[in-house]
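# A look at the structure
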Amino acid sequence: MKINEKRLTDTFLELVKIDSESFNEKNIQEVLASKLTALGCTVYVDNAGKKYNTNAKGNVIGFLPGTVKSKPIVLSSHMDTVTPGKSVKPVVKKDRITSDGTTILGADDKAGLAIILEVLQTLKEQKPPHPPVEAVFTLTEENGMQGAKNLDYKKIKGREGLILDNEEVSDLLVQGPAVNTIEVWIKGLAAHAGVVPEKGISALEVAAYALSFMKLGRIDKETVANFGVIQGGKATNIVMDQLYLKGEARSLKNEKLARQTAHMKACFEKAVKHFTKKIDGKVRKPEVKFVSVQRYPAVNVPKNHPMVKSVVAAAKEQGLVVRPVASGGGCDANVLSGFGFTLPNLGVGCRGCHTLSESLELKEFFAACNITLSAVLAYRK
């Protein structure tokens, strides 16, 4: 049983020509809902779009009834693209598809959308025994996974399946880090830097002291941390009294993330003590506000999970090797895992995502679709 490669390609070419940069997914949301309906799916569009600034109504959920008794298998991809993604002109070459070089291509993640549609079409046409399938198309993944965070989870019956949002088909992402966004506000004490600098407390020095012994960069093979934003200061002759820093910590293990975040906070607390001093007979100390917010949880799919085994076996049948691997980045799988979903992330064959040189390798694209179809046919729960 095989997919229709020409139809799959044509669907992809149709989708990439629909403008759908993040926060402007209305058109593709409507097209996808229509296509799912035509395939015999029960379609539901939630109200996620009302919860943040996008022009689309919501995420699209399509339910295709099964022909065997089983819980549904979930197949998910996101509808938005990064910029510049307007007026994409795909160029079909012998073994790949590119844009004309003035925009991205949008294979991230319209290749995933096309694969899911082709799998559903193949099931409808060839009528093999198969479980129910739930297609979940999310909004605004590229800007904070807003669609997944606001998805109406009560409308989805399945909790296992695949996300199609990785590059190389040989890499099945089964681990992804939890991420904490960290913001720090430091309040020192202003003074004339040229006349009485000793009567001031420099917020910059407080930050520098804390950072001087803070573990940053690569902490271990599963954990990293970084500060990437710093704002403060008014003039060169004023001891800096206000400073803002923003950074993050990531780890594949929740306990390591908690430990790293606590360490970062403790470094600033130590700096507060170090710069506490008497000024004009009064004890003065800097103030530090440290706020850590989890951006998304970790993904940890066991390598021996049936879904992982199914994908690896399906690839082997095609003469391919798919390896369960870890990623340092995040995707909808992270958010969905926090709601009890188990969704390894399969590559779709794209390269150079988020760049003007983005391409879709057709051989891998077709393989990803066949692997997904095999995984669906093998699923029973």
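Scroll up to find the structure.
A short tour of the structure in this document, coming up. In this text, all values refer to a predicted model and were calculated from it rather than measured experimentally.

Okay, the overall build of the protein next. Counting secondary structure elements, the protein contains nine helices and 20 strands. Counting only C-alpha atoms and orienting by the principal axes, one finds that the protein spans roughly 85 × 45 × 40 Å. Across the 381 residues that make up the protein, the buried fraction comes to 53%. Taking all contacts inside the protein whose residues are at least 6 apart in sequence as the whole, residues at least 24 apart take part in 78%.

All right, on to the side chain of H78 then. If you trace the backbone, H78 turns up in strand β3 (residues 73–78). Here H78 is in contact with D108, D109, L113, T138, E141, E142, D165 and D332, once residues within four sequence places are set aside.

In any sheet, the strands associate via hydrogen bonds between backbone groups, in a parallel or an antiparallel arrangement. Here five strands make up an open sheet; going across it, the order is β10-β11-β12-β9-β15 and the pairing antiparallel. Only two strands of the sheet have a single neighbouring strand rather than two, namely β10 (217–220) and β15 (287–296). For this sheet, the mean angle separating the axes of adjacent strands, direction not counted, is 20 degrees. The pairing of strand β11 (residues 223–232) with strand β12 (residues 242–251) spans nine bridges and is classified as antiparallel. When the sheet's bridge partners are listed, V229 is paired in β12 with K246.

Our next topic: helix α7 (residues 306–317). With twelve residues, α7 extends 16 Å from end C-alpha to end C-alpha; this agrees with the ideal 16 Å at 1.5 Å per step. For α7, the complete set of buried residues consists of M307, V308, S310, V311, A314 and A315. Projected onto a plane normal to the axis of α7, the buried residues spread over an arc of 160 degrees and lie on a single side. Opposite the buried face of α7, at more than 90 degrees from it, the exposed residues are P306, K309, K316 and E317. Buried residues along α7 sit in contact with β3, β7 (160–166), β8 (171–176), β17 (323–326), β18 (345–347) and α9 (362–378). Just downstream of α7 lies G319, where phi reads positive at about 80 degrees.

Along any regular strand, the residues point their side chains to alternate faces of the sheet. Within β7, seven of the seven residues are buried, which leaves the element mostly enclosed by the surrounding structure. By the bridge criterion, four bridges tie β3 to β7 in an arrangement that is parallel. Within β7, the residue paired with S76 across the bridge is I163. Inspection of the sheet shows β7 paired to β18 by three bridges, in the parallel sense. Considered in β18, the bridge of I163 is made with N345.

Before going further, it helps to examine the packing of aromatic side chains. Overall, the coordinates contain ten aromatic pairs when judged by the stated rule. Their ring planes at 50 degrees and their centres at 5.4 Å tell us that W185 and Y244 sit as a pair that is tilted. With W185 in strand β9 (residues 178–187) and Y244 in strand β12, this residue pair connects regions lying 59 residues apart in the sequence. What makes Y244 buried here is its relative accessible area of 14%. Aromatic side chains F365 and F366 sit 6.0 Å apart centroid to centroid with 35 degrees between the ring planes, which places their arrangement in the tilted category. The same class applies to F365 as to F366, namely buried. Joined through ring pairs, the aromatic side chains of F12, F365 and F366 make up one cluster. Cation over ring: K289 sits above W185, and NZ or CZ is 5.1 Å from the ring centre.

Under the 1.5 Å per step criterion, the end-to-end length of helix α6 (residues 254–274) is 31 Å for 21 residues, consistent within 8% with the ideal 30 Å. Of all the residues in α6, the buried ones are L257, Q260, T261, M264, C267, F268, A271 and V272. Down the axis of α6, the buried side of the element spans an arc of 150 degrees, and every buried residue falls inside it. With respect to the buried face of α6, the exposed residues turned more than 90 degrees away are R259 and K273. Contact partners of the buried residues in α6: β9, α5 (203–212), β10, β11, β12 and β15.

Calculation rules
- Residues numbered from 1 in each chain as written.
- Predicted model: local features only at pLDDT ≥ 70, side-chain atom pairs only at ≥ 80, totals over all residues.
- Heavy atoms only, no water.
- Helix = DSSP H or I, 4+ residues; strand = E, 2+ residues; numbered from the N terminus.
- Buried < 20%, exposed > 50% of the residue type's maximum accessible area, 1.4 Å probe, protein only.
- Contact = heavy atoms within 4.5 Å.
- Pairing = 2+ DSSP bridges.
- Axes fitted to C-alpha atoms, helices over the stretch in contact; angles between N-to-C directions.
- Expected span 1.5 Å × (residues − 1).
- Arc of directions from axis to C-beta.
- Phe/Tyr/Trp six-rings, centres within 6.5 Å; stacked < 30°, edge-to-face > 60°.
- Lys NZ or Arg CZ within 6 Å of the ring centre and 35° of its normal.

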